[in-house]
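The residues making up each chain are set out below.
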There are 4 protein chains.
Amino acid sequence: MVIVMGPGATRENVEAIVKVIAAAGGEAFVSRGVSRTIIGLVGDIAQLAALDLRGMPGVADVIRVSAPYKLVSRDNHPERSTVRVGGVPIGPDTVTLIAGPCAVETPEQTLEAALMAKAAGATLLRGGAYKPRTSPYAFQGLGEAGLRILADVREETGLPVVTEVVDADDVELVASYADMLQVGTRNAQNFALLQAVGASGRPVMLKRGMSATIEEWLMAAEYVAQRGNLDIVLCERGIRTFETATRNTLDVSAVPLAQRLSHLPVIVDPSHSGGHRDLVLPLTRAAIAAGADGVIIDVHPHPEQALCDGPQALVDGDLDELARVMERFPPLLGKVAAGDLLAPA
Amino acid sequence: MVIVMGPGATRENVEAIVKVIAAAGGEAFVSRGVSRTIIGLVGDIAQLAALDLRGMPGVADVIRVSAPYKLVSRDNHPERSTVRVGGVPIGPDTVTLIAGPCAVETPEQTLEAALMAKAAGATLLRGGAYKPRTSPYAFQGLGEAGLRILADVREETGLPVVTEVVDADDVELVASYADMLQVGTRNAQNFALLQAVGASGRPVMLKRGMSATIEEWLMAAEYVAQRGNLDIVLCERGIRTFETATRNTLDVSAVPLAQRLSHLPVIVDPSHSGGHRDLVLPLTRAAIAAGADGVIIDVHPHPEQALCDGPQALVDGDLDELARVMERFPPLLGKVAAGDLLAPA
Amino acid sequence: MVIVMGPGATRENVEAIVKVIAAAGGEAFVSRGVSRTIIGLVGDIAQLAALDLRGMPGVADVIRVSAPYKLVSRDNHPERSTVRVGGVPIGPDTVTLIAGPCAVETPEQTLEAALMAKAAGATLLRGGAYKPRTSPYAFQGLGEAGLRILADVREETGLPVVTEVVDADDVELVASYADMLQVGTRNAQNFALLQAVGASGRPVMLKRGMSATIEEWLMAAEYVAQRGNLDIVLCERGIRTFETATRNTLDVSAVPLAQRLSHLPVIVDPSHSGGHRDLVLPLTRAAIAAGADGVIIDVHPHPEQALCDGPQALVDGDLDELARVMERFPPLLGKVAAGDLLAPA
Amino acid sequence: MVIVMGPGATRENVEAIVKVIAAAGGEAFVSRGVSRTIIGLVGDIAQLAALDLRGMPGVADVIRVSAPYKLVSRDNHPERSTVRVGGVPIGPDTVTLIAGPCAVETPEQTLEAALMAKAAGATLLRGGAYKPRTSPYAFQGLGEAGLRILADVREETGLPVVTEVVDADDVELVASYADMLQVGTRNAQNFALLQAVGASGRPVMLKRGMSATIEEWLMAAEYVAQRGNLDIVLCERGIRTFETATRNTLDVSAVPLAQRLSHLPVIVDPSHSGGHRDLVLPLTRAAIAAGADGVIIDVHPHPEQALCDGPQALVDGDLDELARVMERFPPLLGKVAAGDLLAPA
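In this text, all values refer to a predicted model and were calculated from it rather than measured experimentally.

1. So, the overall build of chain A
Scanning chain A from N- to C-terminus turns up twelve helices and 15 strands. Overall, chain A is about 75 × 45 × 40 Å in size when its C-alpha atoms are taken along their principal axes. Evaluated residue by residue, chain A yields a buried proportion of 64% over its 345 residues. The contacts in chain A between residues at least 6 apart in sequence include a share of 70% that link residues at least 24 apart.

2. Some details on the interface of chain D and chain B
With 24 residues of chain D in contact, the opposing surface of chain B contributes 24 residues. Carbon and sulfur atoms make up 73% of the surface buried where chain D meets chain B, a total of about 1800 Å² over both sides. Applying the counting rule to chain D against chain B returns zero salt bridges. For the pair chain D and chain B, the interface holds zero residue pairs in polar contact (both at pLDDT 80 or more). The set of elements that each furnish at least two residues to the side of chain D that touches chain B consists of strand E1 (2–5), strand E2 (27–32) and strand E3 (37–42) of chain D. Grouping the constituent residues of the side of chain D that touches chain B by class yields 14 nonpolar, six polar and four charged.

3. Concerning the relation of the copies chain D and chain A
In the superposition of chain D on chain A (RMSD 0.0 Å, axial shift 0.0 Å), the rotation amounts to 180°. In short, the pair behaves as if placed about a two-fold rotation axis. Among all residues of chain D, the one whose C-alpha sits closest to the rotation axis is D:Ala286, at a distance of 2.0 Å.

4. Some details on the environment of D:Glu108
Residues and elements named next belong to chain D. With respect to the helices and strands, Glu-108 occurs in helix H3 (residues 107–119). Residue class for Glu-108 comes out exposed when judged on its relative accessible area of 54%. Taking C-alpha positions, Glu-108 is 29 Å from Pro-282, a pair spaced 174 residues apart along the chain.

5. Remarks on the sheet that holds strand E3 (residues 37–42) of chain C
Residue and element names in this part refer to chain C. Taken in spatial order, the four strands line up as E2-E3-E1-E4 in an open sheet, and their pairing is antiparallel. The outermost strands of the open sheet, each flanked by one partner alone, are strand E2 (27–32) and strand E4 (59–63). Averaged over all pairs of adjacent strands, the angle between strand axes in this sheet comes to 20°, irrespective of strand direction. Summarising the sheet, E2 and E3 pair through six bridges and their orientation is antiparallel. If you follow Glu-27 over to E3, its bridge partner there is Val-42. Against the sheet, helix H1 (residues 11–23) makes contact with strand E1 (2–5), E2, E3 and E4, and its axis sits at roughly 160° relative to E2, the strand it touches most.

6. Looking at helix H6 (residues 191–198) of chain B
Residue and element names in this part refer to chain B. Burial analysis of H6 places seven of its eight residues in the buried class, which makes it a mostly covered element. Regarding H6, the residues found buried are Phe-191, Ala-192, Leu-193, Leu-194, Gln-195, Val-197 and Gly-198. Tucked into the core, H6 has its buried residues touching helix H5 (171–177), strand E10 (180–183), strand E11 (204–207) and helix H7 (214–226).

7. Observations regarding the interface of chain D and chain A
Listed by partner, the interface residues are 34 residues for chain D and 34 residues for chain A. Summing both sides of the interface, chain D and chain A together bury roughly 2900 Å²; the carbon and sulfur share of this comes to 68%. Contact with chain A buries area across many residues of chain D, yet D:Phe242, D:Glu243 and D:Leu332 alone supply 20% of it, more than any other trio. Here chain D and chain A share four salt bridges between them. For the salt bridge of D:Arg208 with A:Glu243, the shortest nitrogen-to-oxygen distance reads 2.8 Å. Scanning the region where chain D abuts chain A turns up eight residue pairs in polar contact (both at pLDDT 80 or more).

8. A few points about the side chain of B:Gln259
With respect to the helices and strands, the residue B:Gln259 is situated in helix H8 (residues 254–261). Residues contacting B:Gln259, with those up to four places away along its chain left out, are B:Arg74, B:Arg80, B:Val266, B:Gly291, B:Ala292 and B:Asp293.

9. Remarks on the environment of A:Ala114
All names here are of chain A. In this fold, Ala-114 is placed in helix H3 (residues 107–119). The class for Ala-114 is buried, based on a relative accessible area of 0%. When the C-alpha atoms of Ala-114 and Ala-145 are compared, they prove to be 17 Å apart, with 31 residues separating the residues in sequence. Setting aside anything within four residues of it in sequence, one finds Ala-114 in contact with Leu-125, Val-153, Thr-157 and Leu-159.

10. Focus: the environment of A:Ala60
Residue and element names in this part refer to chain A. One can find Ala-60 in strand E4 (residues 59–63). Sequence separation of Ala-60 and Pro-78 is 18 residues, and the distance between their C-alpha atoms is 36 Å. Beyond its immediate stretch of four places on either side in the chain, Ala-60 contacts Val-4, Met-5, Gly-6 and Arg-36.

11. Remarks on a negative patch on the surface
Residue and element names in this part refer to chain A. A surface patch of negative charge is lined by Glu-108, Glu-112, Asp-316 and Asp-320. Elements that contribute at least two residues to the negative patch include exactly H3 and helix H11 (316–328). Take Glu-112: it is sitting in helix H3.

12. Here's the deal with the packing of H6(B) against H7(B)
The relative placement of two packed helices comes down to the angle between their axes together with the axis-to-axis distance. All names here are of chain B. Where H6 meets H7, the axes come as close as 7 Å, and the angle between the chain directions of the two elements is 45°. The orientation of H6 with respect to H7, classified from their angle, is oblique. In this structure, H6 crosses over H7, and the sense of that crossing is right-handed. Only Ala-220, Tyr-223 and Val-224 of H7 make contact with H6, whose side of the interface consists of Phe-191, Leu-194, Gln-195, Val-197 and Gly-198. Looking at the contact of H6 with H7, its residues break down into six nonpolar, two polar and no charged.

13. Describing the relation of the copies chain D and chain B
Superposing chain D onto chain B takes a rotation of 180° combined with a translation of 0.0 Å along the rotation axis, leaving an RMSD of 0.0 Å. Taken as a fraction of all interface residues of chain D, those also at the interface in chain B reach 100%, which identifies the copy contact as same-surface.

14. Here's the deal with the sheet that holds E2(D)
Residue and element names in this part refer to chain D. With antiparallel pairing, the four strands of this open sheet are ordered in space as E2-E3-E1-E4. For this open sheet the edge positions go to E2 and strand E4 (59–63), each flanked by a neighbour on one side alone. The average undirected angle you get between the axes of adjacent strands in this sheet is 20°. Packing of helix H1 (residues 11–23) onto the sheet brings it into contact with E1, E2, E3 and E4, and relative to E2 it is tilted by some 160°.

15. Considerations on the pattern of salt bridges
Within the structure shown, the criterion is met by 48 salt bridges over all chains. The closest approach of N and O atoms between C:Arg260 and B:Asp278, which form a salt bridge, is 2.4 Å. With C:Arg260 in helix H8 (residues 254–261) and B:Asp278 in helix H10 (residues 277–290), this pair bridges two chains. Accessibility expressed as a relative area gives 44% for B:Asp278, which makes it partly exposed.

16. Focus on the packing of aromatic side chains
For the coordinates displayed, the defined rule picks out six aromatic pairs over all chains. Taking the centre distance of 4.3 Å and the plane angle of 20° together, the rings of B:Phe191 and B:Tyr223 count as stacked. Of this pair, B:Phe191 sits in helix H6 while B:Tyr223 sits in helix H7; the two residues are 32 residues apart in sequence, bridging distant segments of the chain. When its relative accessible area of 0% is taken as the criterion, B:Tyr223 is described as buried. An angle of 65° between the planes, with centres 6.0 Å apart, marks the rings of B:Phe329 and C:Phe329 as edge-to-face. One end of the pair, B:Phe329, is in the loop between helix H11 (316–328) and strand E15 (336–337); the other, C:Phe329, is in the loop between helix H11 (316–328) and strand E15 (336–337), on a second chain. A residue is classified by how much of its surface remains accessible, and C:Phe329, at 2% relative accessible area, is buried.

17. Here we look at the side chain of C:Arg237
Residues and elements named next belong to chain C. In this structure, Arg-237 sits in the loop between strand E12 (232–236) and H8. No salt bridge is formed by the buried Arg-237. Its closest oppositely charged neighbour is Asp-269, at 6.0 Å. A distance of 3.4 Å separates polar atoms of two side chains, one belonging to Arg-237 and the other to Asn-248. Apart from residues lying up to four places away in sequence, Arg-237 is in contact with Thr-185, Lys-207, Arg-208, Met-210, Asn-248, Asp-269, His-272 and Ser-273.

18. Brief notes about the confidence of the model for chain A
For any part of a model where pLDDT is low, the fine detail of the predicted coordinates should not be relied upon. Mean pLDDT over chain A: 90, with 95% of residues reaching 70 or higher. With pTM at 0.91, the complex prediction returns an ipTM value of 0.90.

Procedures and definitions
- Residues numbered from 1 in each chain as written.
- Chains lettered and ligands numbered in written order.
- Predicted model: local features only at pLDDT ≥ 70, side-chain atom pairs only at ≥ 80, totals over all residues.
- Heavy atoms only, no water.
- Helix = DSSP H or I, 4+ residues; strand = E, 2+ residues; numbered from the N terminus.
- Buried < 20%, exposed > 50% of the residue type's maximum accessible area, 1.4 Å probe, protein only.
- Contact = heavy atoms within 4.5 Å.
- Buried area = accessible area lost by both parts, 1.4 Å probe.
- Salt bridge = Lys/Arg side-chain N within 4 Å of Asp/Glu carboxyl O.
- Polar contact = N/O pair within 3.5 Å; in protein donor to acceptor, adjacent residues only side chain to side chain.
- Nonpolar A, V, L, I, M, F, W, Y, C, P; charged D, E, K, R; others polar.
- Least-squares fit on C-alpha atoms with pLDDT ≥ 70 in both.
- Pairing = 2+ DSSP bridges.
- Axes fitted to C-alpha atoms, helices over the stretch in contact; angles between N-to-C directions.
- Patch = residues over 30% accessible without salt bridge, like charges linked within 9 Å, V, L, I, M, F, W, Y side chains within 5 Å.
- Areas by Shrake-Rupley, 256 points an atom, 1.4 Å probe, with all protein chains shown as cover.
- Lys, Arg positive; Asp, Glu negative; His and termini not counted.
- Charge placed at Lys NZ, Arg CZ, Asp CG, Glu CD.
- Parallel < 35°, antiparallel > 145°, perpendicular 65-115°, else oblique.
- Left-handed = near helix turned anticlockwise from the far one by under 90°.
- Phe/Tyr/Trp six-rings, centres within 6.5 Å; stacked < 30°, edge-to-face > 60°.
- pLDDT = per-residue confidence, 0-100.

Written out as structure tokens, the structure is:
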């Protein structure tokens, strides 16, 4: 940490701080400039951060300089990680396509969507049985019945299942069906849930909070990691800005940035960020080109009947184009599509 | 809802939509302009909203025009509501001061803070036993031990207790100690928690999500209300913007706006929005002047030793000024300080 | 400035930086912590800031700690300033009401609005002759004809005139009619215009850019000040955020913050921030309660016929309430309404 | 436009509106729902928009449904346009690389940067002679001397020149040297400047305002177009959000969106959006993959000595990689690099 003294700070003010830091077991290095004095702090950051340094006489600002996450930081783990979900890799060597319906509605719709997804190159099936909805009057998902449908479709198609969990109490149940647990944007700081998925023994896909900084997103991942689970995939899904032409603003820069700060894989959700079907393919290409380790995409056999987010689901014609993107873009990034890797020779 | 057709939309496109709406039990009114055709929809909004109207040929935009909340809407309940917490009113006729320590640390600190709060005119005691913290390495609160301290201090001071609950599983326990349950900004879309506090039988203080629109905030309240609990107080606590000089940007306009849209009382948290001690009093005055039905403020007897948010806690000297504000501003708004109302003659 | 070294930085990396700083005429103080080394820099900030320190090996971050503005900073001018406009003070001792039509349309409308404003306690007349409009198809103002109308109305009412200038080329002309030049939010970083008003010899009202940080706002003021003009009044008018229920989000915290960082007076525009008539009075009260040195408000005798921003103009009934606010709120802040100060005994 | 009546609106309220619209030469279509009445308006939007409809009794909301821009709209010009700058195309068939130093400093530095740019595939040279800087104490550019350097380097390298103009008064001078005029983000609503470049006879590159919606950006283009100049290239350069890890947040979705709404070419500035050298290549790839018609990139032979934005300039090693991106990505989008198109057989 660095303490910046105000222009009127006295020698006594500086000495008082040096004493407080020493009392807390830290060390203070004083740099006296012409107009400002700066004090560099060394020691146990958590302990120093708890002091009311901002409230001490003469202090103008207190700046934290080291990242507050440890387990997910790339500082201590320079090699980027690969997370495996039912045998499917998500990591630096691959681009993994995760696709399926936004919400599980019926066995037929789910199977049909899964087959569409697989044909486009998907190696993991997404689908929601528990849907966090802004309105209590909107469709909230089928619950366990939906999980059973997902398990049946996995059986039929061989695609491991990624599904959202919205309540710490449901983690055990969802983990008994799913191959990967998804934590959604609205729960990005639901710490009880983060700890529960951390203890679940399942890989976790952690969506970025819609107003979370990259640092807060990594802190959320740290909550999961702290329970002993480092099988975490970060998912950028758009942030909230003043622009209303899109549902959210896809922060494509977050892909290379999060990969530089953390060793965890980073994927992108182009469906929920754009919110319009005709943005999904451009954003998918952009995500892969920026270096994303995968994408997660809504597909629906009959979007006009969808109970949730129909307007952003890809339909049949789009999927051929998606398949072409999955074939042609990853090699330019020195990666392979996870589907090609897993395909029988 | 209103459907806006694109400039190239044909008569057939319009007719197709009219049919789809009729099939869904709604009615469609077509306004043909020179460059655009507009279709006004009438019927069960939830049902119409589920259709993929945006995906139909010729459609340029679909605009929802009626508010999606009902129970908390002022449309259906023109009189503004008063919520009572252990006998203390929060509503249109009063300005209620809620104060206390950000986090309960020790019995002594909590009692001392409560006495400071009471002297400044507080009629409700705030204090956190469960603290949602961005970092898993930060102090997370004392849990039930903290609740017991709060209950003891209530006994001693007569101040009913407002405290945060962060997990649906804890609601029953927290409700057994507290007079009012607080749902924090990070849980503003934790729907399981909203439903649990809705079923708790306790009044609820619902903080606005840091990136929630006013509409989303009212939808969150609707989740609580739907479980039969209309004793909800809305709390504006600052939103996330590009400005970094404050911790959050207090959206003071949200006070009159939320009061116009909803019958629920609206209070303000000037401590967490500003994040600096010397902003608390100016923002408290601004909140009351904008019409807020109360304020909730951090106080701490020794902020330099606080385990949480020390830099924003008011200290002794500030409290005299706070007392003066509570005395002089409410009458200008045609209100009385709740403390004066309750004081013995 | 402070340089934060990355975890892998070597002793040589640190020494290289110390040398570069010394070569640039500065001094570097090294604080070696367990996981991080911090280097505090002392010297000519502008010169040091021009170095590509971020690009040097081992550097993780470079943090600037001193404010980049000087002439408008309160550091060097602890006493808050009063700016006088045609004899009317705007400063720490007063609350000044500036009111009038958004746009000058006709002599009658302008005079009528000015008389309404004066009756409500206004001591300065606002009115736009040059209107910056998002659409080239919208009414752009009467130009010099509008300035003549303003001058005539000043003659008739005695109210000095505040009016916007949108182009550096117009500054001389506008200054020949107006008592104070206004620079609007869209021109908050139009540096040619800022320099031109700085050289005009007239007091300047500088609106905050709708996406300007408080620091950038003060830097814009520094551009004006640098041309020898310190008669600057800062005007908070709302910032752009994700919230769409208001036209802009009034950042009421900016009032005490800007007053702490700068010696310049700070006023608020509640009309353009809220964008709705029924928000104007609550926001006016909030602004004054937060310590604003004045407010600038749209009034219009017939808003339904206004060529610009009719929906936010106050009308007759509101003005009585505005007069009451101007009478009752300033004394609570230790201020007097500028109108009372100027009124004959 | 659509008027949404409030729940308490009476038949008389609706009739009053119908009359006002008729008086303004428009037509009103009434859709009466169970809880709401909607009125669709048809007629001259500019005229209807000037009415204070929001202020009329019973009105809850007024929604504009047609785009306010015409000349730049794709509605009236479905074919996407190609703009030619000194013979170099920017449009739907090509990806054009524009590169050069952020600021022109010396003839040597500019020539060296231009040769680096050309080697990487650039067909247009960027370089600033007039620099809009947040601080009045920062380097403001060489002015006309800089323009002369750019003209000399064009002579030497054959690269047409793109350079920024910051003041309407300078447009004629800058246009006498430059092949394309750039309007920067801070001047995105400097309407005098927009009109002046519109009348200059030169192609214009219009950067998006850092807080401009896509609609406002297109309205700014409409100001240029209205003066008879449709040779406009839109440039996305990042928007202001809460995220501080990047200088701005590149809104990559704006590329396909602006291309759908307007016939004008859309390019991306990955240097100023990211603000870090190591984000430039990932964002360049993302921009091209999203469909951008070009990119504009800072290069500098010695960024550690740069007077402006050194930390984001590409250096030698990066340029080989940039050349590879320009070679391999455009074909995947059905485009060719403009450089390949122009290269001699």
